[in-house]
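# Examination of the molecular architecture
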Amino acid sequence: MSREYDVIIIGAGAVGCAIARELSRFRLNVAVLEKEADVAGGTSGRNSAVVHAGFNNKPGSLMAKLCVEGNRGFEAVCSQLGVPYKKTGKLLVAFDDEDMKTLHTIIERGIQNGCKGLKIIDQEQVRQMAPQIGGIGAMYSPETAIFDPFTYCIALAENAVENGVSFYLEHEVTGIKHTDGVFQIHTDQQIFQCRCLINSAGLYSDRVSDMAGVGGYQLYPCRGEYYILDRIATEYLDIPVYPVPKAGIGGLGVHLTPTIHGNIIIGPSAEYIEARDDYSCTSEIMDKLFREATQLLPALKRKHIIGNYSGIRPKQAPPEEGGFRDFVIREEPSCPGLINLIGIESPGLTASVPISFIVRDMVAKHMELVEKKMFIAERRPVVRFREQSPEEQAKLIADDPDYGDIICRCQKVTKKEIMQAIENPLGARSLSAIKYRAWATTGRCSGGYCLTKIIDILVREYGVAPESIRYRSRGSELFVDGAK
């Protein structure tokens, strides 16, 4: 037996979750299929966490149009969904006269795209905004912001679930058939049917399109590696700082970005690779990252580093071409009802909600969209114990003693917050799912203190067998063979 839906979305990254939330406004039966054990398991959870202004993209492109639209509406969406967001602005730093010429070109492009407030500032003004930063001048972008991409995707998904969307995590699509206007989607667990199929599979969107019988797309994985700095590094920087981009690379250059949680991110690199799931960090690239980062921030020391990670861009431009190609967002004429989203790399996160509007209108050509009278637009934000005043903390503990039990000392995460993360509406229970909801294990000790406490809560409070506890997806089990 197959499960039948009006619309099925393949992929639970930022774009897939934004589409799910937008379609949940209507009387539709919608499902999301995701091969990972949680949302934001791919590109959407491995990036710089920046809301871009839109000046880097080619005028007239979908990338430019949707990035600017997304930037303008992003704060309102974050406010509705309880997602941490901060408009910091951004500096694009020049180190020579050629860079300064490039900045004038970038401003002209940004103005064409509809960006607001872009301006050139001199070395002294750079020092006023970021005293530790080098360079001879910069472009200032006031509309750039930072946010939490994990909470963003989780919030979109949870709000969609609250409005009736079904999420099927760890359901990898293995085959697709299209017969008489109906799609039959085979996964490694069960079979689904729908009338409208939305391919938002990120790095694998070209392969999903092939499964549906529409060839001609080819993605090239381009890996970017990052460092994470301790929270103590925030004394050096409170605004994203990028170098002036160089032509032909697959990204925007190594930059420094403060996070919404108080850390600083260094990266990314840009390296075309063969495997789409090779999230390795390499010593050669990491050394290069550090050298380039110290050019921007001379005060940077290796003692500030507490971790690293990598992300992979789904690029349409092959290595010999480099740079960027525009988003593909289209219903395939040869396969009515198949909506392909191909090559949604940066600024895909920023553009995710405007992309969902385009997809909604495509779906409307196949079925009537009747708005729900009881659509729930807002999601209650998670209460972060560490962000409360002493008086508010005392009240929380008085109401629920689990707020008085600190599980993660680095981030001051309580047992109550861990339990709320475990009980999330999506049913994701991996350690990474708990991590990205409660923000435990992300401090300087990287879980050295709190990891065993979280595992103990899973086992004692929720009856989870130790052997079934995983860090992320299947194959990442922590314990084997009669763990005690």
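Shown above is the structure to which this text applies.
Just so we're clear, the structure is a prediction, and the values are computed from it rather than from any experiment.

## Let's talk about the nonpolar core
Counting residues in hydrophobic clusters, the biggest one holds 58 residues, and the most contacted among them are Y152, F167, I198 and I355. With eight residues, the single largest contributor to this core is helix α5 (residues 149-162). When residues no more than four places from it in sequence are discounted, the contact partners of I355 are V15, L66, F327, I329, L341, I344 and G348. In this structure, I121, A130, I133 and I266 belong to the second largest nonpolar core, which totals 29 residues.

## Describing the pattern of salt bridges
Under the counting rule described, the total for this entry stands at 26 salt bridges. Residue E36 pairs with K35 through a salt bridge whose shortest N-O separation is 2.7 Å. Here E143 and K87 are joined by a salt bridge, their closest N and O atoms 2.9 Å apart. Placement of E143 in the loop between β8 (137-141) and β9 (145-147) and of K87 in the loop between β5 (85-86) and β6 (90-94) is noted, with a sequence separation of 56 residues between them. Its relative accessible area of 40% is what places K87 among the partly exposed residues. The network of salt bridges with common partners includes E22, R25, R360 and D361.

## Examining the pairing of strand β13 (residues 191-194)
Of the two faces of β13, only one is covered, namely that formed by F192 and C194; the face formed by I191 and Q193 stays uncovered. Bridging between strand β12 (residues 182-187) and β13 involves four bridges; their strand directions are antiparallel. When the sheet's bridge partners are listed, Q184 is paired in β13 with Q193. Two successive antiparallel strands, β12 and β13, enclose a turn made up of three residues.

## Comments concerning the sheet that holds β5
With antiparallel pairing, three strands are arranged side by side in an open sheet as β4-β9-β5. Each of the sheet's edge strands pairs with one partner strand only, and the pair in question is β4 (50-51) and β5. Bridge count between β4 and β9: two bridges; the pairing is antiparallel. Bridge assignment links V50 to a residue of β9, and that residue is I146.

## Remarks on the environment of G181
Topologically, G181 is positioned in the loop between β11 (173-179) and β12. Residue classification places G181 among the partly exposed positions, given a relative accessible area of 41%. Every residue in contact with G181, bar those within four places of it in the chain, is listed here: C194 and R195.

About the criteria used
Residues numbered from 1 in each chain as written. Predicted model: local features only at pLDDT ≥ 70, side-chain atom pairs only at ≥ 80, totals over all residues. Heavy atoms only, no water. Core = buried A, V, L, I, M, F, W, Y, C linked by side-chain atoms within 4.5 Å. Buried < 20%, exposed > 50% of the residue type's maximum accessible area, 1.4 Å probe, protein only. Helix = DSSP H or I, 4+ residues; strand = E, 2+ residues; numbered from the N terminus. Contact = heavy atoms within 4.5 Å. Salt bridge = Lys/Arg side-chain N within 4 Å of Asp/Glu carboxyl O. Pairing = 2+ DSSP bridges.

Treat this as a map of the structure, not an account of what it does.
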